[in-house]
Each structure stands twice: as structure tokens, then as C-alpha cells.
Amino acid sequence: MLLVEIPVAFLLGLASVIRGWGGADEQTVAPPMDWVPVLWLGGFTLGVLVIAVVFLRSAHPFAGAVQLLVAAAALIFTIAAWHNQYERAHPAPPPTRAGMPHAPTVLHTQPHELSRSLTDDHEEQAQIPSRSSNRS
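Rules behind the numbers
Residues numbered from 1 in each chain as written. Predicted model: local features only at pLDDT ≥ 70, side-chain atom pairs only at ≥ 80, totals over all residues. Heavy atoms only, no water. Helix = DSSP H or I, 4+ residues; strand = E, 2+ residues; numbered from the N terminus. Buried < 20%, exposed > 50% of the residue type's maximum accessible area, 1.4 Å probe, protein only. Contact = heavy atoms within 4.5 Å. Areas by Shrake-Rupley, 256 points an atom, 1.4 Å probe, with all protein chains shown as cover. Axes fitted to C-alpha atoms, helices over the stretch in contact; angles between N-to-C directions. Parallel < 35°, antiparallel > 145°, perpendicular 65-115°, else oblique. Left-handed = near helix turned anticlockwise from the far one by under 90°. Nonpolar A, V, L, I, M, F, W, Y, C, P; charged D, E, K, R; others polar. Expected span 1.5 Å × (residues − 1). pLDDT = per-residue confidence, 0-100. Patch = residues over 30% accessible without salt bridge, like charges linked within 9 Å, V, L, I, M, F, W, Y side chains within 5 Å. Salt bridge = Lys/Arg side-chain N within 4 Å of Asp/Glu carboxyl O. Core = buried A, V, L, I, M, F, W, Y, C linked by side-chain atoms within 4.5 Å.

**Considerations on the overall build of the protein chain**
Inference 1: Across its full length, the protein chain holds 5 helices and 0 strands.
Inference 2: Put simply, the protein chain runs from its N terminus to its C terminus through helices and strands in the order α-α-α-α-α.
Inference 3: When burial is assessed residue by residue, the protein chain has 17% of its 136 residues classed as buried.
Inference 4: Intrachain contacts of the protein chain at a sequence separation of at least 6 include 63% that bridge at least 24 residues.
Inference 5: Carbon and sulfur atoms form 67% of the exposed surface of the protein chain, whose accessible area is close to 11,200 Å².

Shown next as C-alpha cells:
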């Protein structure tokens, strides 16, 4: 039975990849959640679990245990597909603009470099003439 599941899983993955090629256009609105990959993987996981129960009931504990491991892996892929679709349908909101409009970016880690960087920024800002003083 495991030999039958391998090509089925391969075809499922291939169909999922080919299906995703159609959505290459950029959209301004978040697309709705696509349940097809989640349902396909969920059905595959359920089928593997049914086969595992059949093996365990028919006194083949090793084959049933292998099927349970395959079902666990399929369940992880199902949850990952759901999470991927959820993130695609519910994107994070854009960051809000809070604080100063122009905050200096400081990448130094040493305290003396930090103070030198801050004083350099203040000197540069003092040298730039303001727009309000040019208007008469």
C-alpha cells in the first residue's frame, strides 16, 4: 500500500504546483483563501489513516506503524498548506508611521561611535538651511 501512496502524493504535489502557476499576476487586494490544497492534502491524510487502521486491525503492526508515520508527515504538510493559504489571504497590515519623520539610522554598536554618529547627524542638520527662512 505504501508503494501506491508515493505516486499519489507525487501527483498531488505536482497538481498543486501547476495550479499555483496561474496566480502570478500581482493583485492589490488580498485573494480569498484557497481551500483546494488543504482539502486535497486532508483527504490524502485521511486515506493514509484509514489504511493504517486496516493494517493495525489485520495484525500487521509494523506496516500500520509506518502508515501512522506517513499520516503524521501528511498532517504536517496539510497544516503547512493551510497556514500558507491563510497568510496569503490575510496579509499583515502595512506598518504605521509613528515617531519622528526622519530618524537617523544608527548601525554602530560601540558607545563612542554612537555618540560620534549622533553629533555628526546634528551638525549635518544644522548646515541644511530651512525652507521657511527662504520664503519672504
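Back to the write-up after that little detour.
**Considerations on the packing of helix H2 (residues 36-57) against helix H3 (residues 61-89)**
Inference 1: As a packed pair, H2 and H3 sit with axes 8 Å apart at the nearest point and diverge in direction by 165°. Taken as axis vectors, H2 and H3 run roughly antiparallel relative to one another. Our pair here, H2 against H3, has a crossing hand that is left-handed.
Inference 2: Grouping the amino acids of the contact of H2 with H3 by side-chain chemistry returns 21 nonpolar, 6 polar and no charged.

**A look at unusual backbone geometry**
Inference 1: Phi is positive for Ala-59, close to 65°, though the residue is something other than glycine.
Inference 2: Secondary-structure assignment places Ala-59 in the loop between H2 and H3.
Inference 3: Given the relative accessible area of 63%, Ala-59 is considered exposed.

**Notes on H3**
Inference 1: Under the 1.5 Å per step criterion, the end-to-end length of H3 is 41 Å for 29 residues, consistent within 8% with the ideal 42 Å.
Inference 2: Where H3 is concerned, the buried positions are Gly-64, Gln-67, Ala-71, Ala-74, Thr-78, Ala-81, Gln-85 and Ala-89.

**Structural notes on the environment of Leu-39**
Inference 1: Along the chain, Leu-39 falls in helix H2.
Inference 2: Owing to a relative accessible area of 59%, Leu-39 belongs among the exposed residues under this scheme.
Inference 3: For Leu-39 and Ala-81, which are 42 residues apart along the polypeptide, the C-alpha to C-alpha distance reads 9.6 Å.

**Thoughts on the side chain of Thr-45**
Inference 1: By the element assignment, Thr-45 lies in helix H2.
Inference 2: On the basis of relative accessible area, Thr-45 is assigned to the buried category, the value being 6%.
Inference 3: Ignoring any residue separated from it by four or fewer positions in sequence, one finds Thr-45 in contact with Ala-71, Ala-74, Leu-75 and Thr-78.

**Things to note about the confidence of the model for the protein chain**
Inference 1: For the protein chain, per-residue confidence averages 75 on the pLDDT scale, and 62% of positions sit at 70 or higher.
Inference 2: The least confident element of the protein chain is helix H5 (residues 131-134), whose mean pLDDT is 53; the most confident is H3, at 93.

**Topic: a nonpolar patch on the surface**
Inference 1: A cluster of nonpolar side chains, Trp-35, Leu-39, Trp-40, Trp-82 and Tyr-86, forms an exposed patch at the surface whose accessible area comes to about 540 Å².
Inference 2: Here Trp-40 is to be found in helix H2.

**Here we look at the nonpolar core**
Inference 1: Among the nonpolar cores identified, the biggest contains 8 residues, and these are Leu-12, Val-38, Leu-41, Phe-44, Val-48, Ala-71, Ala-74 and Ala-81.
Inference 2: Elements represented by at least two residues in this core include exactly H2 and H3.
Inference 3: Ranked by the residues each element gives to this core, the list is headed by H2, at 4 residues.
Inference 4: Those residues in contact with Val-48 that sit more than four places away from it in its chain are Glu-5, Gln-67, Val-70 and Ala-71.

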